[in-house]
Amino acid sequence: MSATRRQFLVASAATSALAALGKPTKAFSAADGGIKWTKGVCRYCGVGCGVYKGVRDGKLVAIKGDKENHNKGFVCLKGFLLPQILYHEDRLTHPLIKKNGKLVKASWDEALDLVAKKFTESVKKNGKDSVAFYGSGQAYTEESYAANKLFKGGFGTNNVEGNPRLCMASAVGGYVTTFGKDEPMGTYDDIDHADVFFLIGSNTAEAHPILFQRIARRKEADPNVKIIVADPRMTPTGRIADIYLKFKPNTDLFVLNAFAKYFVDNDLVDKEFIKNHVAFGKGKAADQNWDAYVAFLAPYTMEKAAEVSECSIEDLEAAAKLFGCKKNRTMSMWTMGINQRLRGVWGNNLIHNLHLITGKIGIPGSTTFSLTGQPNACGGVRDQGGLCHILPYGRLVKKPEHRAEVEKVWGVPAGTISDKPGKHALAMFQALETKDIKCIYIMCTNPGQSLPNVNRYRKAMADPDTFVVVADIYPTRTTELADVVLPAAAWSEKEGVFGCTERRYQLEHQVVLPQGEARADFDILVDLAARCGYGKLLPWKSPDDAWEELLLLGKDTMYQIGGITRARLRKDHGVIWPCPTEDHPGTKLRYVKGEDPWVPKDYPHRIMFYAKPDNRAVVWFRPWENAAEMPDEEYPFFFTTGRVIEHWHTATMTGRCKELTHAKITSEVEIHPDDAKKLGVRTGDGVRVTSRRDSLIFPALVTDNSQPGLVFVHMHDAHLDRMCNRITIDQFDPGSKEPTFKICAVKLAKA
Amino acid sequence: MKKNTTAGILALVGLMALAGWGIAGPAENPAAHPEVEGAFTPDACEVCHQEVTPEVHSEWYDSKHGLLNVKCFVCHGSTGNDFSTNPGADRCVGCHADQVETMAAPFMKDKGCFTCHPAHALMAHLPVAVEGGDK
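Residues numbered from 1 in each chain as written. Chains lettered and ligands numbered in written order. Predicted model: local features only at pLDDT ≥ 70, side-chain atom pairs only at ≥ 80, totals over all residues. Heavy atoms only, no water.

1. Comments concerning the overall build of chain A
Then, number 1: Tallying secondary structure elements over chain A gives 26 helices and 29 strands in all.
Then, number 2: Its C-alpha atoms give chain A a radius of gyration of 25 Å, near enough to 27 Å, the size a compact globule of 751 residues would have.
Then, number 3: Its C-alpha atoms put chain A at 75 × 70 × 60 Å along the principal axes.
Then, number 4: For chain A, buried positions account for 67% of its 751 residues.
Then, number 5: A fraction of 72% describes how many contacts in chain A between residues 6 or more apart in sequence connect residues 24 or more apart.
Then, number 6: As displayed, chain A has an accessible area near 24900 Å², and 52% of this comes from carbon and sulfur atoms.
Then, number 7: Taking the average place of the 100 positive charges on the side chains of chain A and the average place of its 89 negative ones, the gap between the two points comes to 1 Å. (Helix = DSSP H or I, 4+ residues; strand = E, 2+ residues; numbered from the N terminus. Rg over C-alpha atoms; globule rule 2.2 N^0.38 Å. Buried < 20%, exposed > 50% of the residue type's maximum accessible area, 1.4 Å probe, protein only. Contact = heavy atoms within 4.5 Å. Areas by Shrake-Rupley, 256 points an atom, 1.4 Å probe, with all protein chains shown as cover. Lys, Arg positive; Asp, Glu negative; His and termini not counted. Charge placed at Lys NZ, Arg CZ, Asp CG, Glu CD.)

Now the structure itself:
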C-alpha cells in the first residue's frame with residue numbers, strides 16, 4: 001500500500017469516527033418520497049428470502065427484507081444491493097445475430113424467425129433429438145415449463161436439461177433413492193428447534209448467509225446448542241463451530257459410515273424406528289437386513305476414520321456422540337461439498353442413513369436438509385420436471401402411465417412424448433461436440449463459464465456448424481459463443497414463481513418495465529413456439545395461464561400443489577407444499593402424521609414414508625471410494641472450487657454491482673503455508689495451477705485455512721485467464737450425472 | 001482463522017499494490033475514498049482497515065455484523081462516488097426497515113441510527129434512555 005493511500009485512510013478514518021458520533025443520518029422513510037414497495041423474492045440463492053422492492057419513478061431503487069417471510073426481515077449483502085443488477089450499462093437491449101463472425105443488432109422478427117427456421121429444419125432433417133434446451137434454476141417455473149412443454153411436447157425430444165444438473169442432481173438422487181421422492185421433508189423452522197447442527201460440505205456463512213444467521217441466532221438463544229462443521233477448508237462458517245472436522249478431501253464418506261458404526265456400537269440407534277420404518281439396501285435393491293448392515297459397517301472404525309481423514313479421534317467421537325445422543329434433536333445440512341462428487345448420491349444416502357438409524361427425522365429440529373444454490377432449482381426444474389429423464393411433479397419419462405398423464409393435460413396425441421430419456425447436461429454438450437445435437441437453446445445460464453473442463457464445451461459451442469441460441473440479461477462467456485443472442489427481461493421486470501429449498505413457492509412480481517427491447521423468457525418462448533408451429537401447445541396469454549396448467553399437473557401427485565393458486569401466491573408470503581387446498585396452511589413436516597395430508601389420520605405410526613412401496617425409507621450400504629481423479633506423483637494436489645459471499649455463480653449479476661466488485665472478484669488460489677514454503681511462494685506471487693485439462697496463473701493467498709495438499713479457487717471470476725473451470729474435470733456421478741467440480745488433481749509451480 | 005488469514009491478505013494487497021495492480025491513487029476529493037480499479041484483492045476493505053483502523057475493524061469483526069459477514073460496503077458503499085464515511089439510514093433499511101421507520105418520530109429529531117447504535121460495533125442498544133422516547 002502506498003504511503004499516500006495509508007495517510008489518506010488514517011485521516012479519513014478519523015473523520016469517519018467523528019462523523020459517527022451521533023450526527024443525524026438521513027431517515028430513509030422520510031427521504032423516500034414516492035417509493036412504492038412490492039412484495040417479492042431475492043434473485044440469488046436457494047434460501048429464497050422474501051423482500052420488498054422499492055420503486056420510484058419507474059426504477060427499482062431499494063430493497064428491504066420481508067419480515068413476514070421466513071427470513072424475518074433480513075437480507076444478505078448481495079440481496080441488499082439487488083437494484084444495481086438491473087441497471088449496468090452492459091444490459092442486452094436488442095437481439096443480436098452472428099454475421100461474418102460478429103454479433104450484430106437484429107430485430108426480434110429476424111432473430112426469432114431464424115431460430116424457428118434452424119430448429120424446425122434440424123428436426124426435419126436430422127431428427128427430433130438433434131435439438132436441445134439447456135435451462136436454469138434461476139428461470140421462473142412458468143418459463144422452464146414453457147420450454148419443457150415446447151421441447152418434450154412439441155419438438156418431441158427429451159433433450160431438456162438445466163444447470164440444476166450441475167448442483168442438485170445428487171441431492172435429488174439421494175432423496176429419491178432413500179425416501180422415494182425428491183425434496184427435503186423439513187423446513188427452515190427446524191433450525192429453531194435443533195440442539196445439534198451437522199454442517200458438512202457447506203460453507204453456509206458465505207453461500208447461504210441468512211440460514212447461517214438463523215443458526216447463529218439459535219445458538220445465541222440456547223448456549224447448549226452445538227454446531228459441528230465438517231469441511232476440508234476452514235471457512236467463515238467455522239466461527240460458530242464447536243467442533244470443526246477439517247477432514248482430508250474425499251474422506252467424508254468414510255467418516256459418515258464411521259458415525260453410523262459409532263451409533264451402532266454405542267447403542268445410539270432407535271431400534272423401534274428401524275423396525276417400523278426402515279429397509280436396508282445395497283446397489284439398487286433394498287434386499288438387505290440389519291445384520292448385513294452391521295457387517296458392512298465393520299471396517300469403518302473411528303480409529304481408521306481418524307487415520308483416513310486426519311481428524312483427531314477425540315473430535316470425531318465427540319461429533320458422533322453429539323449427533324447421536326438420544327436426547328438431541330439433530331439437523332444435517334449440506335450442499336456442493338457432498339453433491340459435486342463422483343459419489344454425490346452416495347454421500348447424500350449416507351447422511352440420510354444417520355438420521356434413519358437414530359430415528360432423528362420428522363421431529364421438529366431433527367431432519368436431513370439439503371441446501372440449494374439457486375432460487376428456483378427446486379420449484380422450477382426439479383419439481384416441474386425440467387430435466388431429461390423426468391416429467392412434471394415426480395413423473396418419469398420411462399413410465400408409460402406418467403407420459404400418458406402429461407400428454408392428456410397437454411392435449412397432445414398419445415406417444416408424443418418420447419419414451420427415451422434425453423441427454424443429461426454433460427452428455428448434451430458432448431453431443432454438441434459430435435454434432436449429434438445441432439441446435440441448442442440456452443436460457444438464463446452461462447455454461448460457457450460454468451461447465452467443468454469448460455474449454456472443451458466452449459469449442460463445441462463456438463463451432464460454426466452448431467447453432468447456439470442464448471437468452472440472457474447481460475453479455476456472458478456464453479453469449480460470446482452464440483449465433484443468436486436474445487435480450488431477456490430481468491428479475492423484477494417480469495412475473496413468475498420461485499420455489500426455494502424448503503418447498504416454499506413464492507410469486508415474484510413485476511415492478512418495472514424491461515429495458516430496451518428486452519422481453520420476458522416466457523414471452524420469448526411462447527412467440528418462438530408459434531413461429532415453430534406449436535402455437536396451440538403454448539397458447540398462454542400470461543404466466544398465470546401456464547400456472548393453472550401446472551396446478552393441474554401437480555395437484556393429484558405427492559407434491560399436492562393444488563392449493564397454491566395464483567391468487568394465494570399474490571397474497572401470501574410463500575406457501576409450502578404439500579398443500580392440497582387453498583385453505584390448507586402448507587406442510588412443514590413432510591411424511592409426518594397430522595402434518596402431511598398424504599399420511600392417513602389413522603396411520604399407526606408418527607411417520608410414513610409413503611413414497612416407497614412398503615412405506616420404508618432405505619438405509620443404503622455405500623462404501624468409501626476414490627474420487628474420479630486423485631492426486632498422484634505428477635499432479636500431487638487436490639483442487640477444489642466454491643463460493644464467496646460477495647458473488648454468485650458466474651458473477652453475471654454480482655460482477656456488475658460496484659460494491660461487490662470493489663470488494664472482491666479476482667480468483668486467488670488459497671494455499672497452505674507448508675506447501676507455499678516448499679514451492680517458494682508468498683502471498684501475492686503468481687502460482688501456476690496445472691491440471692490435465694489446462695494451466696492458469698492465480699495470485700496466491702497463503703493461509704492455514706487451507707490444508708497441506710489442497711488448493712482452493714473461488715468460482716466467480718469470469719476473466720478468461722482465471723476461469724476455474726478450465727482446470728476442473730468433466731467426470732460425473734454415474735447415478736446423478738452431476739459433475740465432480742469439487743475434486744480434481746493439479747500440480748503447482750511458482751509463476 | 002482470523003489472524004493467519006489477515007497476515008496473508010495484508011501481504012497480498014501490499015504486493016499487488018506494488019505491482020501496480022488495482023490501486024489508482026488517491027481521489028481528488030479528500031472526503032472521497034481513494035479510487036480502486038475494478039476488483040483486485042480478496043476482502044479489499046478489511047485488508048487495509050485492519051492495518052489503518054484496527055480498533056474499528058475489531059469492533060466490527062467481533063460484532064454480530066462481523067460474524068454474519070455484513071461487510072464494510074453494505075454501509076459505506078463502494079469506493080466510487082457513492083462512498084460515504086457517515087452512512088445514512090438508507091443503508092440500514094435492508095434489514096432494519098421497522099427501526100428506520102421510527103426515525104420519523106418527533107423524539108428522533110436530530111438523531112441518527114448511530115446515536116444509539118455506535119458505529120461498527122452496532123450493538124443492539126446503548127444502555128441509555130432516549131429523551132422523549134417511550135423507553
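2. So, the overall build of chain B
Then, number 1: When its secondary structure is counted, chain B shows seven helices and zero strands.
Then, number 2: Along the chain direction, N to C, the helices and strands of chain B fall in the order α-α-α-α-α-α-α.
Then, number 3: Across the 135 residues of chain B, 44% fall into the buried class.
Then, number 4: Of all intrachain contacts in chain B linking residues separated by at least 6 positions in sequence, the fraction that spans at least 24 positions is 43%.
Then, number 5: For chain B, the accessible surface area stands at approximately 6700 Å², while carbon and sulfur atoms represent 58% of it.

3. As for the sheet that holds strand β20 (residues 496-499) of chain A
All names here are of chain A.
Then, number 1: Strand order across the open sheet formed by three strands is β20-β21-β22, with antiparallel pairing between neighbours. Whereas interior strands pair on both sides, the edge strands pair on one side only; in this sheet they are β20 and β22 (575-576).
Then, number 2: Bridge count between strand β21 (residues 504-508) and β22: two bridges; the pairing is antiparallel. Bridge assignment links Arg504 to a residue of β22, and that residue is Ile576. (Pairing = 2+ DSSP bridges.)

4. Things to note about the sheet that holds strand β9 (residues 226-230) of chain A
All names here are of chain A.
Then, number 1: The strand order across the open sheet formed by five strands is β10-β9-β8-β13-β14, and the pairing between neighbours is parallel. Here the strands that pair on one side only, and so sit at the sheet edges, are β10 (243-245) and β14 (367-370). The average undirected angle you get between the axes of adjacent strands in this sheet is 15 degrees.
Then, number 2: Note: β9 against β10, three bridges, orientation parallel. Within the sheet, the bridge partner assigned to Ile228 lies in β10 and is Ile243. (Axes fitted to C-alpha atoms, helices over the stretch in contact; angles between N-to-C directions.)

5. Quick look at the packing of helix α5 (residues 141-155) of chain A against helix α23 (residues 543-554) of chain A
All names here are of chain A.
Then, number 1: Contact geometry of α5 with α23 gives a least axis separation of 10 Å together with a crossing angle of 75 degrees. It follows that α5 is roughly perpendicular to α23 by the angle criterion. Touching Thr141, Glu142, Tyr145 and Lys149 of α5 are Pro543, Ala546, Trp547, Glu549, Leu550 and Leu553, all from α23.
Then, number 2: Grouping the constituent residues of the contact of α5 with α23 by class yields six nonpolar, one polar and three charged. (Parallel < 35°, antiparallel > 145°, perpendicular 65-115°, else oblique. Nonpolar A, V, L, I, M, F, W, Y, C, P; charged D, E, K, R; others polar.)

6. As for the nonpolar core
All names here are of chain A.
Then, number 1: Residues Phe259 and Phe263 are the most contacted members of the largest nonpolar core, which totals 63 residues.
Then, number 2: Examining the composition of this core, we find that ten residues originate from one element, helix α10 (residues 252-265), more than from any other.
Then, number 3: Grouped together as the second largest cluster of nonpolar side chains are 60 residues, Ala147, Phe155, Leu391 and Leu553 included. (Core = buried A, V, L, I, M, F, W, Y, C linked by side-chain atoms within 4.5 Å.)

7. Re the packing of aromatic side chains
Residue and element names in this part refer to chain A.
Then, number 1: Within the structure shown, the criterion is met by 38 aromatic pairs over all chains.
Then, number 2: Ring geometry for Phe296 against Tyr300: centres 5.6 Å apart, planes inclined by 45 degrees, an arrangement best described as tilted. In terms of burial, Phe296 and Tyr300 fall into one category: buried.
Then, number 3: Centroid distance Tyr393 to Tyr559: 5.6 Å. Interplanar angle 75 degrees. Geometry classified as edge-to-face. Taken as a pair, Tyr393 in the loop between β15 (390-391) and β16 (395-396) and Tyr559 in the loop between α23 and α24 (566-571) lie far apart in primary sequence, 166 residues in all. When sorted by exposure, Tyr393 lands in the same class as Tyr559, which is buried.
Then, number 4: Each residue in the set Tyr175, Phe179, Phe273, Trp334, Tyr591, Trp598, Phe609 and Tyr610 is aromatic and connected to the rest through ring pairs, giving one cluster.
Then, number 5: Sitting over the face of the ring of Trp37, Lys64 holds its NZ or CZ atom 4.2 Å from the ring centroid.
Then, number 6: Taking the ring centre of Tyr140 as reference, the NZ or CZ of Lys494 above it sits at 4.9 Å. (Phe/Tyr/Trp six-rings, centres within 6.5 Å; stacked < 30°, edge-to-face > 60°. Lys NZ or Arg CZ within 6 Å of the ring centre and 35° of its normal.)

8. A word on the pattern of salt bridges
Residue and element names in this part refer to chain A.
Then, number 1: In this structure the tally under the stated criterion is 55 salt bridges over all chains.
Then, number 2: Residues Glu110 and Lys99 are paired through a salt bridge, measuring 3.0 Å at the closest nitrogen-oxygen approach. A residue pair is termed long-range when its members are at least 10 positions apart, and Glu110 in helix α4 (residues 108-126) and Lys99 in strand β4 (residues 96-99) qualify at eleven residues.
Then, number 3: Exposure remark for Glu110: the relative accessible area of 35% places this residue in the partly exposed category.
Then, number 4: Look at Lys99 and you get partly exposed, because its relative accessible area is 37%.
Then, number 5: Glu480 is the partner of Arg477 in a salt bridge, and the nearest nitrogen-oxygen pair spans 3.0 Å.
Then, number 6: The exposure class of Glu480 is partly exposed, given its relative accessible area of 32%. (Salt bridge = Lys/Arg side-chain N within 4 Å of Asp/Glu carboxyl O.)

9. Section: the side chain of Asp66(A)
Residues and elements named next belong to chain A.
Then, number 1: Among the secondary structure elements, Asp66 is positioned in the loop between β3 (59-65) and α3 (77-80).
Then, number 2: Engagement of the side chain of Asp66 in a polar contact is seen with the side chain of His573, the distance being 2.5 Å.
Then, number 3: Those residues in contact with Asp66 that lie beyond four places of it in its chain are Lys39, Gly50, Val51, Tyr52, Asn71, Lys72, Gly73 and His573. (Polar contact = N/O pair within 3.5 Å; in protein donor to acceptor, adjacent residues only side chain to side chain.)

10. A closer look at the side chain of Arg643(A)
Residues and elements named next belong to chain A.
Then, number 1: Residue position: Arg643 is located in the loop between β24 (637-642) and α25 (658-663).
Then, number 2: For the buried Arg643, which has no salt bridge, the nearest side chain bearing the opposite charge is Glu206, at an N-O separation of 10.0 Å.
Then, number 3: In terms of polar contacts, Arg643 uses its side chain to reach the backbone carbonyl oxygen of Gly373, at 3.1 Å.
Then, number 4: A distance of 3.1 Å separates polar atoms of two side chains, one belonging to Arg643 and the other to His649.
Then, number 5: Excluding residues that lie within four positions of it along the chain, Arg643 makes contacts with Cys45, Asn203, Glu206, Ala207, Gly373, Trp648, His649, Phe712, Met715 and His716.

11. Let's talk about the domain arrangement of chain A
All names here are of chain A.
Then, number 1: Split by domain assignment, chain A resolves into domain 1 (96-167 + 376-576), domain 2 (169-370) and domain 3 (637-728).
Then, number 2: The C-alpha centroid of domain 2 is placed 35 Å from the C-alpha centroid of domain 1.
Then, number 3: Listed by partner, the interface residues are 15 residues for domain 1 and 17 residues for domain 2.
Then, number 4: Interface area, domain 1 with domain 2, both sides summed: about 1300 Å², of which 50% is carbon and sulfur.
Then, number 5: Considering only the surface of domain 1 that becomes buried against domain 2, Arg382, Thr501 and Arg503 emerge as the three largest contributors, covering 41% of it.
Then, number 6: Inspection of the domain 1/domain 2 interface yields two salt bridges.
Then, number 7: We note a salt bridge from Asp182 to Arg382, for which the minimum N-O separation is 2.8 Å. (Domains from an automatic or database assignment. Buried area = accessible area lost by both parts, 1.4 Å probe.)

12. With respect to the pairing of β20(A)
In the case of a regular strand, side chains alternate between the two sheet surfaces.
All names here are of chain A.
Then, number 1: Where burial is concerned, the two faces of β20 agree: the one with Gly496 and Phe498 and the one with Val497 and Gly499 are both buried.
Then, number 2: As judged from the four bridges shared by β20 and β21, these two strands associate in the antiparallel manner. By the bridge assignment, Phe498 is partnered in β21 with Gln506.
Then, number 3: Where β20 folds back onto β21 in an antiparallel hairpin, the turn is made up of four residues, including Arg503, whose phi is positive at roughly 65 degrees.

13. Comments concerning helix α16 (residues 344-358) of chain A
All names here are of chain A.
Then, number 1: Look at α16: 22 Å from first C-alpha to last across 15 residues, which is about the 21 Å you get at 1.5 Å a residue.
Then, number 2: Burial analysis of α16 places 15 of its 15 residues in the buried class, the great majority of the element.
Then, number 3: Looking at the residues trailing α16, positive phi occurs at Gly359, about 70 degrees. (Expected span 1.5 Å × (residues − 1).)

14. A word on a negative patch on the surface
Residues and elements named next belong to chain A.
Then, number 1: A cluster of like negative charges, contributed by Glu303, Glu314, Asp315 and Glu317, occupies part of the molecular surface.
Then, number 2: Note that Asp315 resides in helix α14 (residues 313-324).
Then, number 3: Assessed through its relative accessible area of 33%, Asp315 is described here as partly exposed. (Patch = residues over 30% accessible without salt bridge, like charges linked within 9 Å, V, L, I, M, F, W, Y side chains within 5 Å.)

15. Examining α10(A)
Residues and elements named next belong to chain A.
Then, number 1: Given a rise of 1.5 Å per residue, 14 residues ought to cover 20 Å, and the 20 Å separating the end C-alpha atoms of α10 matches this to within 8%.
Then, number 2: With 13 of 14 residues buried, α10 is to be regarded as a mostly interior element.
Then, number 3: Phi turns positive, to about 55 degrees, at Asp267, one or two residues after α10.

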